[in-house]
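Working through the structure, step by step
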Amino acid sequence: MADPIRIPWLHDRHSHASVYAAFTGCPSLAGLDRGAALAMLSALPGDRLSIVFGWHNARTPLSGHDLEGLPPAIIVNLSMHGFVLTKPAVALLTETEPEVVAHRGDPEWCERHLPRLLGLFGQTARLTSGKLAAFMQEAESLGLASVDDMLLPDEAAFQVILNSPWAGRIQCWATPETFHSLSNSSQMALAGLKLFTDGALGARSAALTGPFLGGVEGVLLHSDGALLQALAESHPSGKPVAIHAIGDLAIEQVLRVLERLAGAGLSFPLVRLEHAQFIDECQARRAKALGLALSMQPNFSSDSQDYADRLEARWLERNNPFRMLIDRAGFVPGQDLIFGSDGMPHGVEPALQWALFPPYPGQRLTLDELVAGYDPAPDGRGHCLVEVDETHQRVTLLESRREA
(Lines give C-alpha, C1' and ligand atoms only; values in the text may rest on other atoms or scores of the structure.)
Protein backbone atom coordinates (compact mmCIF):
# COMPACT_ATOMS: atom_id res chain seq x y z
CA MET A 1 0.00 0.00 0.00
CA ALA A 2 1.36 3.45 -0.94
CA ASP A 3 2.01 6.07 1.71
CA PRO A 4 -0.81 8.54 2.41
CA ILE A 5 -0.78 11.65 0.23
CA ARG A 6 -1.10 15.09 1.80
CA ILE A 7 -3.11 17.69 -0.11
CA PRO A 8 -4.32 21.14 0.96
CA TRP A 9 -7.93 21.96 1.68
CA LEU A 10 -9.63 22.87 -1.59
CA HIS A 11 -12.06 25.44 -2.94
CA ASP A 12 -15.18 23.91 -4.52
CA ARG A 13 -15.93 26.08 -7.55
CA HIS A 14 -19.51 24.87 -8.00
CA SER A 15 -21.83 24.17 -5.08
CA HIS A 16 -25.23 25.33 -3.85
CA ALA A 17 -24.27 26.14 -0.29
CA SER A 18 -27.34 28.15 0.68
CA VAL A 19 -29.79 25.47 -0.47
CA TYR A 20 -27.74 22.49 0.73
CA ALA A 21 -27.18 24.18 4.08
CA ALA A 22 -30.91 24.84 4.39
CA PHE A 23 -31.41 21.10 3.83
CA THR A 24 -29.22 20.31 6.87
CA GLY A 25 -31.22 18.06 9.17
CA CYS A 26 -33.90 17.41 6.54
CA PRO A 27 -34.69 13.82 5.51
CA SER A 28 -32.61 12.39 2.68
CA LEU A 29 -33.31 9.43 0.41
CA ALA A 30 -29.68 9.21 -0.71
CA GLY A 31 -28.51 5.61 -0.79
CA LEU A 32 -31.89 4.14 0.19
CA ASP A 33 -33.62 1.41 -1.76
CA ARG A 34 -37.30 1.72 -2.61
CA GLY A 35 -38.53 -0.04 0.51
CA ALA A 36 -36.40 2.04 2.88
CA ALA A 37 -37.31 5.23 1.01
CA LEU A 38 -41.04 4.55 1.32
CA ALA A 39 -40.61 3.73 5.01
CA MET A 40 -38.83 7.05 5.62
CA LEU A 41 -41.40 9.01 3.65
CA SER A 42 -44.30 7.32 5.44
CA ALA A 43 -42.85 8.38 8.81
CA LEU A 44 -42.84 12.11 7.95
CA PRO A 45 -45.12 14.41 9.99
CA GLY A 46 -48.68 14.56 8.75
CA ASP A 47 -49.40 18.07 10.05
CA ARG A 48 -46.84 20.12 8.11
CA LEU A 49 -45.01 20.29 4.77
CA SER A 50 -41.66 18.49 4.74
CA ILE A 51 -38.90 18.71 2.17
CA VAL A 52 -36.92 15.61 1.27
CA PHE A 53 -33.82 15.57 -0.90
CA GLY A 54 -31.41 13.03 -2.34
CA TRP A 55 -34.07 11.25 -4.42
CA HIS A 56 -32.73 9.24 -7.37
CA ASN A 57 -35.78 8.84 -9.58
CA ALA A 58 -34.33 5.88 -11.52
CA ARG A 59 -33.25 3.87 -8.47
CA THR A 60 -36.22 4.64 -6.25
CA PRO A 61 -39.19 5.31 -8.56
CA LEU A 62 -42.30 6.68 -6.87
CA SER A 63 -45.66 5.96 -8.45
CA GLY A 64 -48.79 8.07 -8.32
CA HIS A 65 -50.22 5.55 -5.89
CA ASP A 66 -47.17 5.99 -3.63
CA LEU A 67 -47.58 9.76 -3.61
CA GLU A 68 -51.26 9.56 -2.71
CA GLY A 69 -50.61 7.64 0.49
CA LEU A 70 -47.69 9.68 1.89
CA PRO A 71 -47.65 12.67 4.27
CA PRO A 72 -47.24 16.20 2.80
CA ALA A 73 -43.78 16.47 1.24
CA ILE A 74 -41.77 18.01 -1.59
CA ILE A 75 -39.40 15.26 -2.78
CA VAL A 76 -36.44 16.77 -4.66
CA ASN A 77 -34.35 14.94 -7.24
CA LEU A 78 -30.70 14.36 -6.39
CA SER A 79 -29.72 16.66 -9.27
CA MET A 80 -32.01 19.44 -7.93
CA HIS A 81 -33.65 19.36 -11.36
CA GLY A 82 -37.03 17.75 -10.88
CA PHE A 83 -39.30 17.04 -7.95
CA VAL A 84 -42.60 15.42 -7.05
CA LEU A 85 -45.32 16.39 -4.61
CA THR A 86 -47.28 13.99 -2.46
CA LYS A 87 -51.05 14.34 -2.70
CA PRO A 88 -51.34 16.18 0.67
CA ALA A 89 -48.53 18.55 -0.45
CA VAL A 90 -50.53 19.40 -3.57
CA ALA A 91 -53.43 20.38 -1.34
CA LEU A 92 -51.22 22.54 0.88
CA LEU A 93 -49.48 24.35 -2.02
CA THR A 94 -52.46 24.88 -4.32
CA GLU A 95 -53.30 28.26 -2.79
CA THR A 96 -49.77 29.63 -2.23
CA GLU A 97 -47.97 28.11 -5.27
CA PRO A 98 -50.66 27.38 -7.87
CA GLU A 99 -48.26 27.54 -10.84
CA VAL A 100 -45.84 25.11 -9.23
CA VAL A 101 -48.68 22.70 -8.56
CA ALA A 102 -50.11 23.07 -12.05
CA HIS A 103 -46.78 22.57 -13.84
CA ARG A 104 -45.09 20.08 -11.53
CA GLY A 105 -45.16 17.38 -14.23
CA ASP A 106 -43.84 19.64 -17.01
CA PRO A 107 -40.03 19.28 -17.25
CA GLU A 108 -39.63 22.28 -19.55
CA TRP A 109 -41.57 24.59 -17.24
CA CYS A 110 -39.61 23.33 -14.25
CA GLU A 111 -36.27 23.97 -15.98
CA ARG A 112 -37.32 27.47 -17.00
CA HIS A 113 -38.35 28.21 -13.42
CA LEU A 114 -35.53 26.39 -11.60
CA PRO A 115 -34.44 29.43 -9.52
CA ARG A 116 -38.02 29.89 -8.35
CA LEU A 117 -38.26 26.23 -7.43
CA LEU A 118 -34.96 26.27 -5.55
CA GLY A 119 -36.24 29.32 -3.71
CA LEU A 120 -39.33 27.35 -2.70
CA PHE A 121 -37.18 24.44 -1.56
CA GLY A 122 -34.92 26.74 0.43
CA GLN A 123 -37.80 28.64 2.02
CA THR A 124 -39.46 25.38 3.03
CA ALA A 125 -36.23 24.07 4.58
CA ARG A 126 -35.23 27.51 5.99
CA LEU A 127 -31.56 28.53 6.09
CA THR A 128 -30.31 29.55 9.54
CA SER A 129 -26.90 30.55 10.87
CA GLY A 130 -26.72 27.22 12.71
CA LYS A 131 -27.43 25.23 9.54
CA LEU A 132 -24.85 27.23 7.61
CA ALA A 133 -22.24 26.58 10.29
CA ALA A 134 -23.04 22.85 10.26
CA PHE A 135 -22.73 22.78 6.46
CA MET A 136 -19.36 24.54 6.42
CA GLN A 137 -17.99 22.43 9.27
CA GLU A 138 -19.01 19.32 7.34
CA ALA A 139 -17.31 20.77 4.25
CA GLU A 140 -14.08 21.14 6.24
CA SER A 141 -14.32 17.52 7.37
CA LEU A 142 -14.48 16.58 3.67
CA GLY A 143 -11.43 18.66 2.77
CA LEU A 144 -13.08 21.87 1.56
CA ALA A 145 -12.15 25.30 2.87
CA SER A 146 -14.54 27.36 0.74
CA VAL A 147 -17.20 27.14 -1.96
CA ASP A 148 -18.85 29.04 -4.77
CA ASP A 149 -22.63 29.11 -4.21
CA MET A 150 -23.87 29.09 -7.78
CA LEU A 151 -27.54 29.88 -7.19
CA LEU A 152 -28.32 32.21 -4.31
CA PRO A 153 -32.11 32.05 -3.81
CA ASP A 154 -32.88 35.40 -2.22
CA GLU A 155 -31.85 38.34 -0.03
CA ALA A 156 -32.71 36.52 3.20
CA ALA A 157 -30.30 33.68 2.46
CA PHE A 158 -27.60 36.16 1.44
CA GLN A 159 -27.96 38.02 4.71
CA VAL A 160 -27.50 34.80 6.66
CA ILE A 161 -24.27 34.19 4.72
CA LEU A 162 -22.98 37.78 4.87
CA ASN A 163 -23.55 37.99 8.62
CA SER A 164 -21.86 34.68 9.36
CA PRO A 165 -18.22 33.85 10.16
CA TRP A 166 -18.16 32.08 6.79
CA ALA A 167 -18.90 35.16 4.68
CA GLY A 168 -15.40 35.31 3.19
CA ARG A 169 -15.46 31.64 2.29
CA ILE A 170 -18.70 31.54 0.27
CA GLN A 171 -18.78 33.38 -3.04
CA CYS A 172 -22.38 33.79 -4.17
CA TRP A 173 -23.78 33.91 -7.70
CA ALA A 174 -27.42 34.57 -8.62
CA THR A 175 -29.72 34.74 -11.62
CA PRO A 176 -30.31 38.20 -13.13
CA GLU A 177 -33.84 38.12 -11.68
CA THR A 178 -32.53 37.46 -8.18
CA PHE A 179 -29.78 40.04 -8.65
CA HIS A 180 -32.33 42.78 -9.34
CA SER A 181 -34.30 41.79 -6.23
CA LEU A 182 -31.27 42.26 -3.94
CA SER A 183 -30.39 45.37 -1.99
CA ASN A 184 -27.72 47.65 -3.45
CA SER A 185 -25.12 46.46 -0.96
CA SER A 186 -25.93 42.82 -1.72
CA GLN A 187 -25.68 43.45 -5.46
CA MET A 188 -22.20 44.84 -4.92
CA ALA A 189 -21.19 41.84 -2.79
CA LEU A 190 -22.43 39.28 -5.32
CA ALA A 191 -19.66 37.42 -7.18
CA GLY A 192 -21.49 37.09 -10.48
CA LEU A 193 -24.61 36.28 -12.48
CA LYS A 194 -25.85 32.80 -13.39
CA LEU A 195 -27.85 31.87 -16.50
CA PHE A 196 -29.24 28.51 -17.61
CA THR A 197 -29.48 27.14 -21.13
CA ASP A 198 -30.58 23.53 -20.58
CA GLY A 199 -31.61 21.07 -17.90
CA ALA A 200 -29.90 18.04 -16.36
CA LEU A 201 -29.19 14.41 -17.12
CA GLY A 202 -31.07 13.14 -14.09
CA ALA A 203 -34.24 14.85 -15.25
CA ARG A 204 -33.62 13.91 -18.92
CA SER A 205 -33.66 17.59 -19.81
CA ALA A 206 -30.04 18.31 -20.81
CA ALA A 207 -30.00 19.48 -24.45
CA LEU A 208 -28.24 16.75 -26.42
CA THR A 209 -28.15 16.08 -30.14
CA GLY A 210 -30.82 13.40 -30.23
CA PRO A 211 -33.19 12.09 -27.60
CA PHE A 212 -32.51 10.20 -24.39
CA LEU A 213 -33.22 6.48 -24.41
CA GLY A 214 -36.97 6.11 -24.43
CA GLY A 215 -37.41 9.05 -26.78
CA VAL A 216 -37.45 11.96 -24.30
CA GLU A 217 -35.99 15.14 -25.80
CA GLY A 218 -33.80 17.50 -23.80
CA VAL A 219 -34.75 21.11 -23.19
CA LEU A 220 -33.08 24.13 -24.79
CA LEU A 221 -34.38 26.94 -22.60
CA HIS A 222 -33.87 29.94 -24.91
CA SER A 223 -33.85 30.93 -28.53
CA ASP A 224 -30.56 32.47 -29.68
CA GLY A 225 -32.19 35.89 -29.61
CA ALA A 226 -33.51 35.47 -26.08
CA LEU A 227 -30.14 34.27 -24.77
CA LEU A 228 -28.34 37.13 -26.53
CA GLN A 229 -30.77 39.60 -24.98
CA ALA A 230 -30.35 38.07 -21.50
CA LEU A 231 -26.57 38.35 -21.74
CA ALA A 232 -26.71 41.88 -23.15
CA GLU A 233 -29.01 42.92 -20.31
CA SER A 234 -26.61 41.37 -17.79
CA HIS A 235 -23.64 43.32 -19.13
CA PRO A 236 -24.35 46.65 -17.34
CA SER A 237 -24.02 44.91 -13.97
CA GLY A 238 -20.28 44.63 -14.60
CA LYS A 239 -20.36 41.14 -13.12
CA PRO A 240 -18.79 37.92 -14.36
CA VAL A 241 -21.26 35.51 -15.90
CA ALA A 242 -21.64 31.76 -15.39
CA ILE A 243 -23.71 29.88 -17.96
CA HIS A 244 -25.11 26.41 -17.26
CA ALA A 245 -24.76 24.21 -20.37
CA ILE A 246 -24.53 20.42 -20.09
CA GLY A 247 -25.53 19.09 -23.51
CA ASP A 248 -23.74 19.68 -26.78
CA LEU A 249 -26.71 21.61 -28.21
CA ALA A 250 -26.67 24.01 -25.27
CA ILE A 251 -22.89 24.43 -25.49
CA GLU A 252 -23.17 25.14 -29.22
CA GLN A 253 -25.82 27.79 -28.61
CA VAL A 254 -23.76 29.52 -25.92
CA LEU A 255 -20.70 29.65 -28.16
CA ARG A 256 -22.73 30.92 -31.11
CA VAL A 257 -24.26 33.73 -29.05
CA LEU A 258 -21.01 34.69 -27.33
CA GLU A 259 -19.27 34.86 -30.71
CA ARG A 260 -21.95 37.28 -31.89
CA LEU A 261 -21.53 39.42 -28.77
CA ALA A 262 -17.74 39.39 -29.11
CA GLY A 263 -18.12 40.52 -32.72
CA ALA A 264 -20.19 43.45 -31.46
CA GLY A 265 -17.47 44.36 -28.96
CA LEU A 266 -19.37 43.26 -25.83
CA SER A 267 -17.36 41.33 -23.25
CA PHE A 268 -17.57 40.36 -19.58
CA PRO A 269 -14.90 40.31 -16.86
CA LEU A 270 -15.17 36.51 -16.99
CA VAL A 271 -17.49 33.97 -18.59
CA ARG A 272 -17.67 30.53 -17.00
CA LEU A 273 -19.28 27.65 -18.87
CA GLU A 274 -20.76 25.47 -16.14
CA HIS A 275 -20.67 21.66 -16.51
CA ALA A 276 -19.89 21.47 -20.28
CA GLN A 277 -20.05 17.68 -19.95
CA PHE A 278 -20.53 16.95 -23.64
CA ILE A 279 -18.27 19.57 -25.21
CA ASP A 280 -16.48 18.35 -28.34
CA GLU A 281 -13.02 19.36 -29.57
CA CYS A 282 -14.24 21.92 -32.08
CA GLN A 283 -16.38 23.57 -29.44
CA ALA A 284 -13.51 23.44 -26.94
CA ARG A 285 -11.22 25.32 -29.33
CA ARG A 286 -13.90 27.96 -29.91
CA ALA A 287 -14.39 28.30 -26.15
CA LYS A 288 -10.63 28.69 -25.75
CA ALA A 289 -10.54 31.40 -28.44
CA LEU A 290 -13.33 33.27 -26.62
CA GLY A 291 -11.38 33.16 -23.35
CA LEU A 292 -14.01 31.12 -21.51
CA ALA A 293 -13.32 29.20 -18.32
CA LEU A 294 -14.79 25.71 -18.20
CA SER A 295 -16.19 24.98 -14.74
CA MET A 296 -16.59 21.19 -14.57
CA GLN A 297 -17.21 18.40 -12.07
CA PRO A 298 -14.83 15.41 -12.08
CA ASN A 299 -17.31 13.48 -9.92
CA PHE A 300 -19.79 13.74 -12.82
CA SER A 301 -17.72 11.14 -14.66
CA SER A 302 -19.86 8.80 -12.56
CA ASP A 303 -22.77 9.83 -14.82
CA SER A 304 -21.26 7.49 -17.41
CA GLN A 305 -22.30 4.67 -15.09
CA ASP A 306 -25.26 6.15 -13.24
CA TYR A 307 -27.16 7.24 -16.35
CA ALA A 308 -26.52 4.28 -18.63
CA ASP A 309 -30.27 3.72 -18.33
CA ARG A 310 -31.01 6.94 -20.24
CA LEU A 311 -27.96 7.74 -22.40
CA GLU A 312 -26.80 6.02 -25.58
CA ALA A 313 -23.34 4.42 -25.35
CA ARG A 314 -21.76 7.19 -27.43
CA TRP A 315 -22.74 9.77 -24.83
CA LEU A 316 -21.36 7.72 -21.94
CA GLU A 317 -17.87 7.88 -23.43
CA ARG A 318 -18.12 11.54 -24.47
CA ASN A 319 -18.95 12.71 -20.94
CA ASN A 320 -16.29 14.85 -19.21
CA PRO A 321 -13.58 14.71 -21.92
CA PHE A 322 -10.78 16.04 -19.71
CA ARG A 323 -7.86 14.56 -21.63
CA MET A 324 -9.06 16.14 -24.86
CA LEU A 325 -9.53 19.49 -23.14
CA ILE A 326 -6.07 19.47 -21.55
CA ASP A 327 -3.95 17.56 -24.06
CA ARG A 328 -5.42 18.82 -27.34
CA ALA A 329 -7.47 21.97 -26.75
CA GLY A 330 -4.94 23.47 -24.33
CA PHE A 331 -7.07 24.14 -21.26
CA VAL A 332 -5.05 24.44 -18.05
CA PRO A 333 -6.40 23.20 -14.70
CA GLY A 334 -6.60 26.07 -12.24
CA GLN A 335 -6.55 28.69 -14.99
CA ASP A 336 -9.31 28.19 -17.54
CA LEU A 337 -10.35 24.71 -16.40
CA ILE A 338 -11.75 24.79 -12.87
CA PHE A 339 -13.40 22.11 -10.79
CA GLY A 340 -16.25 21.77 -8.33
CA SER A 341 -18.70 19.13 -7.21
CA ASP A 342 -22.23 20.56 -7.57
CA GLY A 343 -22.63 18.91 -4.16
CA MET A 344 -23.12 15.47 -5.71
CA PRO A 345 -21.29 14.72 -3.51
CA HIS A 346 -19.00 17.29 -1.93
CA GLY A 347 -15.47 16.50 -0.85
CA VAL A 348 -11.95 15.49 -1.74
CA GLU A 349 -12.59 11.74 -1.68
CA PRO A 350 -15.23 11.46 -4.45
CA ALA A 351 -13.46 14.09 -6.54
CA LEU A 352 -10.24 12.08 -6.46
CA GLN A 353 -12.02 8.75 -6.88
CA TRP A 354 -13.65 9.74 -10.16
CA ALA A 355 -10.65 11.75 -11.37
CA LEU A 356 -8.12 8.96 -10.86
CA PHE A 357 -10.38 5.98 -11.63
CA PRO A 358 -13.08 7.09 -14.07
CA PRO A 359 -15.16 4.79 -16.30
CA TYR A 360 -13.32 5.92 -19.47
CA PRO A 361 -9.62 6.82 -20.03
CA GLY A 362 -10.50 10.19 -21.57
CA GLN A 363 -12.00 11.27 -18.24
CA ARG A 364 -8.86 10.66 -16.21
CA LEU A 365 -7.09 13.47 -14.36
CA THR A 366 -3.81 13.32 -12.49
CA LEU A 367 -3.70 14.20 -8.80
CA ASP A 368 -1.88 17.44 -9.59
CA GLU A 369 -4.44 18.41 -12.24
CA LEU A 370 -7.33 17.73 -9.87
CA VAL A 371 -5.82 19.76 -7.04
CA ALA A 372 -4.89 22.65 -9.35
CA GLY A 373 -8.39 22.75 -10.83
CA TYR A 374 -9.98 22.81 -7.41
CA ASP A 375 -7.86 25.83 -6.47
CA PRO A 376 -6.18 25.06 -3.11
CA ALA A 377 -7.20 27.38 -0.29
CA PRO A 378 -4.62 30.20 -0.43
CA ASP A 379 -4.15 30.75 3.30
CA GLY A 380 -3.33 27.19 4.36
CA ARG A 381 -6.42 26.68 6.50
CA GLY A 382 -6.06 22.93 6.53
CA HIS A 383 -4.96 19.75 4.82
CA CYS A 384 -6.10 16.22 4.03
CA LEU A 385 -4.42 12.87 4.05
CA VAL A 386 -5.73 10.49 1.39
CA GLU A 387 -4.88 6.92 0.59
CA VAL A 388 -4.85 5.91 -3.08
CA ASP A 389 -5.14 2.17 -3.60
CA GLU A 390 -4.15 1.59 -7.22
CA THR A 391 -4.72 -2.16 -6.97
CA HIS A 392 -8.36 -1.87 -5.97
CA GLN A 393 -8.83 1.54 -7.61
CA ARG A 394 -10.11 3.12 -4.45
CA VAL A 395 -9.48 6.49 -2.78
CA THR A 396 -9.98 6.89 0.97
CA LEU A 397 -9.94 10.13 2.94
CA LEU A 398 -7.98 9.36 6.11
CA GLU A 399 -7.91 12.78 7.72
CA SER A 400 -9.02 16.35 7.24
CA ARG A 401 -7.41 18.71 9.71
CA ARG A 402 -7.47 22.45 10.30
CA GLU A 403 -4.02 24.01 10.49
CA ALA A 404 -2.96 25.73 13.70
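For every chain, the first residue of the written sequence is number 1, and numbering continues from 1 along that sequence. In view of the model being predicted, local features appear only for residues whose pLDDT reaches at least 70, and side-chain atom pairs are presented and counted only at 80 or more, with totals across whole chains, interfaces and linings using the full set of residues. With hydrogens and water stripped out, all remaining heavy atoms of the structure feed into the side-chain values.

Once that is clear, we can look at the overall build of the protein chain. The helix and strand labels rest on DSSP assignments: H or I over at least four residues marks a helix, E over at least two residues marks a strand, and numbering proceeds from the N terminus. Counting its regular elements, the protein chain contains 19 helices and 14 strands. Computation of the radius of gyration draws on C-alpha atoms alone. For the globule rule, the value is 2.2 Å times the number of residues to the power 0.38. A compact globule built from 404 residues should have a C-alpha radius of gyration of about 22 Å, and the protein chain, at 21 Å, falls within 12% of that. Principal-axis analysis of the C-alpha atoms places the extent of the protein chain at approximately 55 × 55 × 50 Å. Classification of the 404 residues of the protein chain by burial places 55% in the buried group. Where accessible areas are quoted, they stem from the Shrake-Rupley method and a 1.4 Å probe; at the residue level, only the protein chains shown are allowed to cover. Total accessible area on the protein chain stands at roughly 16100 Å², and carbon and sulfur atoms take up 53% of it. In the protein chain, 31 positive and 47 negative side-chain charges are present, and the distance between their average locations comes to 1 Å. Each residue is assigned to one of three classes by its accessible area relative to the maximum for its type, calculated with a 1.4 Å probe on protein chains only: buried under 20%, partly exposed between the two thresholds, exposed over 50%. Positive residues here are Lys and Arg, negative ones are Asp and Glu, while His and the chain termini are left out of the count. For the purpose of locating charges, the reference atoms are NZ of Lys, CZ of Arg, CG of Asp and CD of Glu.

Stacked, tilted and edge-to-face pairs are distinguished by plane angle, under 30 degrees for stacked and over 60 for edge-to-face with tilted covering the rest, among Phe, Tyr and Trp rings (Trp via its six-membered ring) whose centres lie within 6.5 Å. This structure, assessed with the given rule, holds five aromatic pairs. With 4.9 Å between their ring centres and 20° between their planes, Phe23 and Phe53 make a pair best called stacked. Linking Phe23 in the loop between α1 (17-22) and α2 (34-42) with Phe53 in strand β3 (residues 50-55), this pair joins segments that are 30 residues apart in sequence. Using a relative accessible area of 1% as the deciding quantity, one classes Phe23 as buried.

Right, let's get into helix α12 (residues 224-234). Within α12, burial applies to Leu227, Leu228, Leu231 and Ser234. Along the axis of α12, the buried residues cluster in a sector spanning 125°; they form a single face. The arc in question is traced by the directions running from the helix axis to the C-beta atoms.

Here we take up the packing of helix α18 (residues 348-356) against helix α19 (residues 367-374). A packed helix pair is summarised by two numbers, namely the angle formed by the two axes and the spacing between the axes. Structural elements are reduced to axes, namely lines fitted to C-alpha atoms, with helices fitted over the stretch in contact, and the angle between N-to-C directions of any two is expressed from 0 to 180 degrees. Packing of α18 against α19 leaves a shortest axis separation of 10 Å and a crossing angle of 135°. Relative to α19, the element α18 is oriented oblique. By crossing handedness, the relation of α18 to α19 is classed as right-handed. Between α18 and α19, the contacting residues are Ala351, Leu352, Ala355 and Leu356 on the first element and Leu367, Leu370 and Tyr374 on the second. We call Asp, Glu, Lys and Arg charged. Ala, Val, Leu, Ile, Met, Phe, Trp, Tyr, Cys and Pro are nonpolar, and the rest, Gly among them, are polar. Along the lines of polarity and charge, the residues of the contact of α18 with α19 split into seven nonpolar, no polar and no charged. Oblique is the label for any angle not under 35 degrees, not over 145, and not in the 65 to 115 range, which are roughly parallel, roughly antiparallel and roughly perpendicular in turn. Handedness of a crossing is defined here by the sense of rotation of the near helix relative to the far one, left-handed for an anticlockwise turn of less than a right angle and right-handed for a clockwise turn. Should any heavy atoms of two residues lie within 4.5 Å, those residues are considered in contact.

All right, on to the side chain of Asp248 then. Take Asp248: it is sitting in helix α13 (residues 248-263). Think of a salt bridge as a Lys or Arg side-chain nitrogen and an Asp or Glu carboxyl oxygen that are within 4 Å of each other. Arg318 provides the closest opposite charge to the buried, salt-bridge-free Asp248, at an N-O distance of 4.3 Å. Only 2.4 Å separates the side chain of Asp248 from the side chain of Thr209, close enough to count as a polar contact. Sequence-distant contacts of Asp248, defined by excluding residues within four places in its chain, comprise Ala207, Leu208, Thr209, Phe278, Gln283, Trp315 and Arg318. Polar contact criterion, stated in full: a pair of N or O atoms within 3.5 Å, where within protein one must be able to donate a hydrogen and the other to accept it, and residues adjacent in sequence count only if both atoms are side-chain atoms.

This part covers the sheet that holds strand β6 (residues 144-149). Taking strand neighbours across the sheet as the criterion, the eight strands line up as β2-β6-β7-β8-β9-β10-β11-β12 in an open arrangement whose pairing is parallel. The strands lining the two open edges of the sheet, one partner per strand, are β2 (10-15) and β12 (337-339). Across the sheet, the mean angle from the axis of one strand to that of its neighbour is 25°, orientation sign disregarded. Bridge analysis of β2 against β6 gives four bridges, and the strand direction is parallel. Residue Ser15 lies in a different strand from β6, and its bridge partner there is Asp149. Seen against the sheet, α19 touches β2, β6 and β12 and runs at an angle of roughly 85° to β12. Between any two strands, at least two bridges found by DSSP are needed for them to pair.

The next point concerns the pattern of salt bridges. Tallied over the full model, the rule gives 26 salt bridges. Taking the shortest distance from any N to any O, the salt bridge between Arg59 and Asp306 comes out at 3.0 Å. In this pair, Arg59 is assigned in the loop between β3 and α3 (64-68) and Asp306 in helix α15 (residues 303-306), connecting sequence segments 247 residues apart. Of the residues examined, Asp306 reaches a relative accessible area of 27% and is grouped as partly exposed. Ionic pairing is found between Asp148 and Arg272, a salt bridge with its closest N-O pair at 2.9 Å. One end of the pair, Asp148, is in strand β6; the other, Arg272, is in strand β10 (residues 271-275), and 124 residues separate them in sequence. No difference in accessibility class separates Asp148 from Arg272, as the two residues are buried. Overlapping salt bridges, with partners in common, bring together Arg13, Asp148, Arg272, Glu274 and Asp375 in one network.

Turning our attention to helix α9 (residues 155-162). Of the positions making up α9, those classed as buried are Ala157, Phe158, Val160 and Ile161. Burial along α9 is one-sided: seen end-on, the buried residues are contained in an arc of 155°. Backbone nitrogen of Ala156 and a side-chain oxygen of the N-cap are separated by 3.4 Å at the start of α9; the cap is Asp154.

Moving on: the environment of Gly263. Summarising the element assignment, Gly263 is placed in helix α13. The exposure class assigned to Gly263 is exposed, which follows from its relative accessible area of 71%. Linking Gly263 and Met80, residues 183 residues apart in sequence, is a C-alpha distance of 35 Å.

To continue, consider the layout of surface pockets. Volume-wise, the largest pocket comes out at about 850 Å³. Grid points spaced at 1 Å over the protein atoms alone were grouped into cavities, where a 1.4 Å probe fits but cannot get out, and pockets, open sets with protein on both sides within 12 Å along at least five of seven lines, with lining residues defined by an atom within 4 Å of a point. Forming the walls of the largest pocket are 46 residues, and the residues nearest its centre are Leu78, Ser79, Gly343, Met344 and Pro345. Secondary structure elements with two or more residues in the lining of the largest pocket: β3, α7 (114-125), β8 (192-196) and α15. Partitioning the lining of the largest pocket into residue classes produces 21 nonpolar, 20 polar and five charged. Grid points are joined across faces, edges and corners, and a volume is the space filled by probe spheres set on the points. One number sums up the size of the second largest pocket: a volume of about 440 Å³.

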